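# Per-entry structural report
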Amino acid sequence: MRKLYRETFEEVRTSERRKEEILHMREQNHTRRRNLPAVGLAAAVLAVILATSALAVAVSPGLRSWFAQQWGERTGGEISENQALLIDSLTQQVGQSATDNGVTVTVDSITVGSDNLWVLLEAKGLDFDGDEKYTFDEGYVEITPDPAEGEYAGASYSVGSIGVTESGAVQMLLDYSAIIPSRNQLTDGGYTLELVFKDLSRFQSGAGENEILCPGTWSFSVPLTVESLSPEIALAGPFTVAGELLEGEAVEMEYSKVTLWDLSLTATGVSFLSDSDGVGSLWATAILSDGTEVRSTGSGGSRRSDGLWYCSHQWPAPIDVEDVAALRIGETEIPVK
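Values in this document were obtained by computation on a predicted structure and should not be read as measured data. (Residues numbered from 1 in each chain as written. Predicted model: local features only at pLDDT ≥ 70, side-chain atom pairs only at ≥ 80, totals over all residues. Heavy atoms only, no water.)

## Here we look at the overall build of the chain
Within the chain, the secondary structure is distributed over three helices and 20 strands. Across the 337 residues in the chain, those meeting the buried criterion constitute 57%. Considering only intrachain contacts with a sequence separation of at least 6, the fraction spanning at least 24 residues in the chain is 71%. When the accessible surface of the chain is summed, it comes to about 13200 Å², and 46% of that surface belongs to carbon and sulfur atoms. (Helix = DSSP H or I, 4+ residues; strand = E, 2+ residues; numbered from the N terminus. Buried < 20%, exposed > 50% of the residue type's maximum accessible area, 1.4 Å probe, protein only. Contact = heavy atoms within 4.5 Å. Areas by Shrake-Rupley, 256 points an atom, 1.4 Å probe, with all protein chains shown as cover.)

Now the structure itself:
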């Protein structure tokens, strides 16, 4: 799956609002994704992910803290013990570094989901300010072999600083989501990611260009091992779902009620097939056994070669699929157990 930064994908759907967020890095210390309606032909920016020789599975305190923060902000609760163990199983400690122009970038760790990844980076060599936001100006990723197997596919990412360590290094999180109509999991054990970051920059709000602080190139490579295989629950369907459209999105009313089937619930998201592209305009929410509701933070859709629409939604943090009682797509609840 060889793609270049800012490449446009034919027959891949995403929102204008989402494209704006991707092309102009968000003005937050941490990045947040919103659901993407499958409406409007998209210029989906392909992601840059990170890398290294995979070592033992071990969760980074930084990633665990990040997931705990996201979970608390979105649900008001704390991650459970089983959920923490799940995060451990999906996380590879990396620890590979590259240096250019006096700045060392380290891939600390990576959490691998079914079609998405979270990557913790550290950069040192400059005087970083915890009140500023940092990113990279360009990126490139290649996933081999192609997990989409020739189907229309795409991906998006956001990368931004989440804080400065006591030693003065800036920590950055890269949040990456792919559209894989073949339904292959990135955790199958046979994939490798090649990553290149270019030009460490200070993020500028508004329409201004980011300020390049250190020109350079930092490259990494990582095999995505089977050690992080995501648990999965399959629901055959068909299911007829309906609901309100995403806030601020203009979608024809006929798309507010659609049929979907072949749901795949994993620790990091939910995907399904539909005969209508309008399904991407509905929210997806996991309802846990204690009543906690977890709304997806990003989604995308793509028309497959057989004419069906494939849609996937990502959770803000890995969840224990055995703790999911139901899924809500739009306003329709689908029992899981």
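## Quick notes on the pattern of salt bridges
Overall, the coordinates contain six salt bridges when judged by the stated rule. Here R64 makes a salt bridge to D88, at a shortest N to O gap of 3.0 Å. A residue pair is termed long-range when its members are at least 10 positions apart, and R64 in helix α2 (residues 61-75) and D88 in helix α3 (residues 81-90) qualify at 24 residues. Exposure remark for D88: the relative accessible area of 23% places this residue in the partly exposed category. We note a salt bridge from R202 to E132, for which the minimum N-O separation is 3.7 Å. (Salt bridge = Lys/Arg side-chain N within 4 Å of Asp/Glu carboxyl O.)

## Structural notes on the pairing of strand β9 (residues 191-202)
Strand residues, when the strand is regular, have side chains that alternate between the two faces of the sheet. For β9, a buried count of nine out of 12 residues is recorded, marking the element as mostly surrounded by other parts of the structure. With 10 bridges connecting them, strand β6 (residues 134-144) and β9 associate as antiparallel partners. Counterpart to T135 in the pairing with β9 is S201. Note: β9 against strand β10 (residues 211-224), 11 bridges, orientation antiparallel. When the sheet's bridge partners are listed, L200 is paired in β10 with C214. (Pairing = 2+ DSSP bridges.)

## Points about the sheet that holds strand β20 (residues 332-335)
Across the sheet, which stays open at both edges, the four strands sit in the order β16-β15-β19-β20 with antiparallel pairing between neighbours. Looking along the sheet, the strands with just one partner apiece sit at the ends: β16 (293-295) and β20. Mean inter-strand twist for the sheet, computed between neighbouring axes without regard to direction, equals 25 degrees. Bridge analysis of strand β15 (residues 284-288) against β16 gives three bridges, and the strand direction is antiparallel. Bridged to A286 within β16 is V294. (Axes fitted to C-alpha atoms, helices over the stretch in contact; angles between N-to-C directions.)

## Regarding the pairing of strand β18 (residues 309-314)
Of all six residues making up β18, six are buried, and the element is well covered by its neighbours. Here β18 shows a buried face lined by W309, C311 and H313 and a second buried face lined by Y310, S312 and Q314. With six bridges joining them, strand β14 (residues 269-274) and β18 adopt antiparallel strand pairing. In the sheet register, S274 faces β18, and the bridge partner there is W309. In this structure, strand β17 (residues 298-303) lies alongside β18, joined through six bridges in antiparallel fashion. When the sheet's bridge partners are listed, R303 is paired in β18 with W309. Counted between consecutive antiparallel strands, the loop separating β17 from β18 contains five residues, among which G307 sits at a positive phi close to 90 degrees.

## Considering the sheet that holds strand β4 (residues 103-112)
Pairing is antiparallel in the open sheet, where five strands are placed in the order β3-β4-β5-β8-β7. Two strands lie at the open edges of the sheet, namely β3 (91-100) and β7 (154-164), each paired on one side alone. Sheet twist, expressed as the average angle between the axes of neighbouring strands with direction ignored, equals 20 degrees. Relative to β4, β3 is paired through eight bridges, and the arrangement is antiparallel. Bridging from a neighbouring strand, A98 pairs with V105 of β4.

## Regarding the nonpolar core
Generally speaking, nonpolar side chains in soluble globular proteins are found buried as a group. The biggest cluster of nonpolar side chains holds 36 residues, and the ones touching the most others in it are Y176, L200, W218 and L224. Of all the secondary-structure elements, those providing two or more residues to this core are β3, β4, β5 (116-124), β6, β7, β8 (170-179), β9 and β10. If near-sequence neighbours (up to four positions away) are discounted, L200 is found in contact with V103, A123, L126, F128, T135, F136, M172, E211, I212, L213, C214 and W218. Among the nonpolar cores identified, the runner-up in size contains 32 residues, and W71, L173, V258 and V336 belong to it. (Core = buried A, V, L, I, M, F, W, Y, C linked by side-chain atoms within 4.5 Å.)

## Regarding the environment of S276
Residue position: S276 is located in the loop between β14 and β15. Sequence separation between S276 and W309 is 33 residues; the distance between their C-alpha atoms is 6.3 Å.

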